[in-house]
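Here are the chains, one letter per residue:
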Amino acid sequence: MKTILLTVLLTNFLFATVKIDTTYTTAGAIAQKIGGDLVHVTVLGSSKYDPHFIVPKPSLIAKLRQADLLIINGAGLELGWLPPLLRAANNAKIQNGAKGFLDLSHYVHLINVPTTVSRAFGDVHAQGNPHYTTDPYAVLPMAKAIAQKLSQIDPQHAAQYEKNLKKFTNGWQDYLQKFDANMHTCKDKKVVQYHPLFNYFLQRYNYKIYGTIEPLPGIAPSSKHTLELINIMRDNGVKKILQDVYHEKKTAKFIASKTGAKVLIIPHDLGADSSTTLQEFYNNIAKKVCQ
Ligand SMILES: [Zn+2]
């Protein structure tokens, strides 16, 4: 009798869990905070790799097939890898526009939206800059959107999601206060980046971006562009190169040797470095940028 009861309870528990797939780790960590024990979160794309081109392994199709909710970054970041996987998974619940589909880019204000679309030349940011998750202020709109979506697809636990959101929001607001106070002590605010991964962060804290090592987002560096960038950095005394974990580092090192700048390796997503929590992720960006 006890065994039967336990089996029934366990089955109910398993079926009650909302299976969430997120494309990247930061959104996955937020979904876990809001969903708590009521959700099971799977992150599809490892933060060790280029987020524009996650390797489309068959195991990802199996994960998408089982999901009740798919949370994407949007703004084109998944265009290079997710659409064929989503088609192959053939899961009606999570297709674009279905109830179990959430595009978080709809809840933030996108910057760097091009007036003329240059995707033909390889620009991977045709819809604007998709890297808003490097801004700690994007976390709360993402959390709110996730809580609303979870309440829609699992209405019997809406009160719990609301409670989790409230607790998370209070904690994050306190964190942001301390974070801002720390950022206001930063002095040298001149930077270049490999790829425009940190524009939202840099804009919020009044950094000046003097260029990118890529001539256009997604286009490999050329010697002409590199020499131009070196000149701009010399003329303006730029001493910081923001390098991500997944691009080649040779060009940044060369530029550093010609300008006396420092190459700073910065995480673009939770877990790209040693970070295991949202706070650690943003602290690690700040630690490097604010040197
Ligand atoms: Zn990009």
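Values in this document were obtained by computation on a predicted structure and should not be read as measured data. (Residues numbered from 1 in each chain as written. Predicted model: local features only at pLDDT ≥ 70, side-chain atom pairs only at ≥ 80, totals over all residues.)

(A) Quick peek at the sheet that holds strand S7 (residues 240-243). Strand order in the open sheet formed by four strands is S6-S5-S7-S8, and the pairing between neighbours is parallel. At either margin of the open sheet sits one strand with a lone partner, and together these are strand S6 (208-212) and strand S8 (262-265). Going from strand to strand, the sheet's axes swing by 30° on average, the running direction of each strand aside. Where strand S5 (residues 190-193) and S6 come together, three bridges link them in parallel fashion. Directly across from Gln 193, in S6, lies its bridge partner Thr 212. (Pairing = 2+ DSSP bridges. Helix = DSSP H or I, 4+ residues; strand = E, 2+ residues; numbered from the N terminus. Axes fitted to C-alpha atoms, helices over the stretch in contact; angles between N-to-C directions.)

(B) Focus on the packing of helix H8 (residues 223-236) against helix H9 (residues 250-259). Two elements in contact, H8 and H9, have axes whose closest approach is 10 Å; the angle formed by their N-to-C orientations is 40°. On the basis of their axis angle, the class for H8 and H9 is oblique. For the pair H8 and H9, the crossing hand works out as right-handed. On H9, the residues that touch Thr 226, Leu 229, Ile 230, Met 233 and Arg 234 of H8 are Thr 251, Ile 255, Lys 258 and Thr 259. (Parallel < 35°, antiparallel > 145°, perpendicular 65-115°, else oblique. Left-handed = near helix turned anticlockwise from the far one by under 90°. Contact = placed C-beta atoms within 7 Å.)

(C) Representation of the environment of Arg 87 in the model. By secondary structure assignment, the location of Arg 87 is in helix H4 (residues 82-89). Each C-alpha atom, one on Arg 87 and one on Leu 64, is 9.7 Å from the other, the two residues being 23 residues apart in sequence.

(D) How the structure looks around the pairing of strand S2 (residues 39-43). Here S2 shows a buried face lined by Val 39, Val 41 and Val 43 and an unburied face lined by His 40 and Thr 42. Here five bridges tie strand S1 (residues 18-22) to S2, and the two strands are oriented parallel to one another. For Val 18, the partnering residue across the bridge sits in S2 and is Val 39. With helix H2 (residues 25-35) bridging S1 and its parallel neighbour S2, the resulting β-α-β unit is right-handed. (Buried ≥ 20, exposed ≤ 12 C-beta atoms within 10 Å, placed from the backbone. Right-handed = clockwise from strand over helix to strand, strands pointing away.)

(E) Just helix H5 (residues 139-153), in detail. Over its 15 residues, H5 extends 21 Å from the first C-alpha to the last, a length consistent with the 21 Å expected when each residue adds 1.5 Å. Of all the positions in H5, only Val 139, Met 142, Ala 143, Ala 145, Ile 146, Ala 147, Lys 149 and Leu 150 are classed as buried. Along its buried surface, H5 packs onto S1, H2, strand S3 (69-72), strand S4 (101-103), helix H6 (158-183) and helix H10 (278-289). (Expected span 1.5 Å × (residues − 1).)

(F) Molecular detail of H8. Between its first and last C-alpha, H8 extends 20 Å over 14 residues, near the 20 Å set by a 1.5 Å rise per residue. Looking one or two residues past H8, Gly 237 carries a phi angle of roughly 65°, positive in sign.

(G) Summary view of the nonpolar core. With 67 residues, the main nonpolar core has Ile 30, Ala 31, Ile 34, Ile 71, Met 142, Ala 143 and Ile 146 as its most contacted residues. Considering every element that reaches this core, the biggest residue donor is H5, with seven residues. Both domains that furnish three or more residues to this core are identified here as domain 1 (2-176) and domain 2 (186-289). Those residues in contact with Ile 71 that lie beyond four places of it in its chain are Ile 20, Thr 22, Ala 27, Ala 31, Leu 102, Leu 104 and Ile 146. (Core = buried A, V, L, I, M, F, W, Y, C linked by C-beta atoms within 7 Å. Domains from an automatic or database assignment.)

(H) Focus on the domain arrangement of the protein chain. According to the domain assignment, the protein chain contains domain 1 (2-176) and domain 2 (186-289). The distance between the C-alpha centroids of domain 1 and domain 2 comes to 27 Å. Taken residue by residue, the interface counts 29 residues in domain 1 and 24 residues in domain 2. Looking at the side of domain 1 that touches domain 2 element by element, the count peaks at three residues for H2. Taken together, the residues of the side of domain 1 that touches domain 2 break down into 13 nonpolar, twelve polar and four charged. (Nonpolar A, V, L, I, M, F, W, Y, C, P; charged D, E, K, R; others polar.)

(I) Summary view of the sheet that holds S3. Strand order in the open sheet made by the four strands is S2-S1-S3-S4, with parallel pairing throughout. In this open sheet, the two strands that pair with only one neighbour each are S2 and S4. Going from strand to strand, the sheet's axes swing by 20° on average, the running direction of each strand aside. Relative to S4, S3 runs parallel, the two sharing three bridges. Paired with Ile 72 across the two strands is Asp 103, which belongs to S4. Contacting S1, S2 and S3, H2 runs over the sheet at an angle of about 175° to S2.

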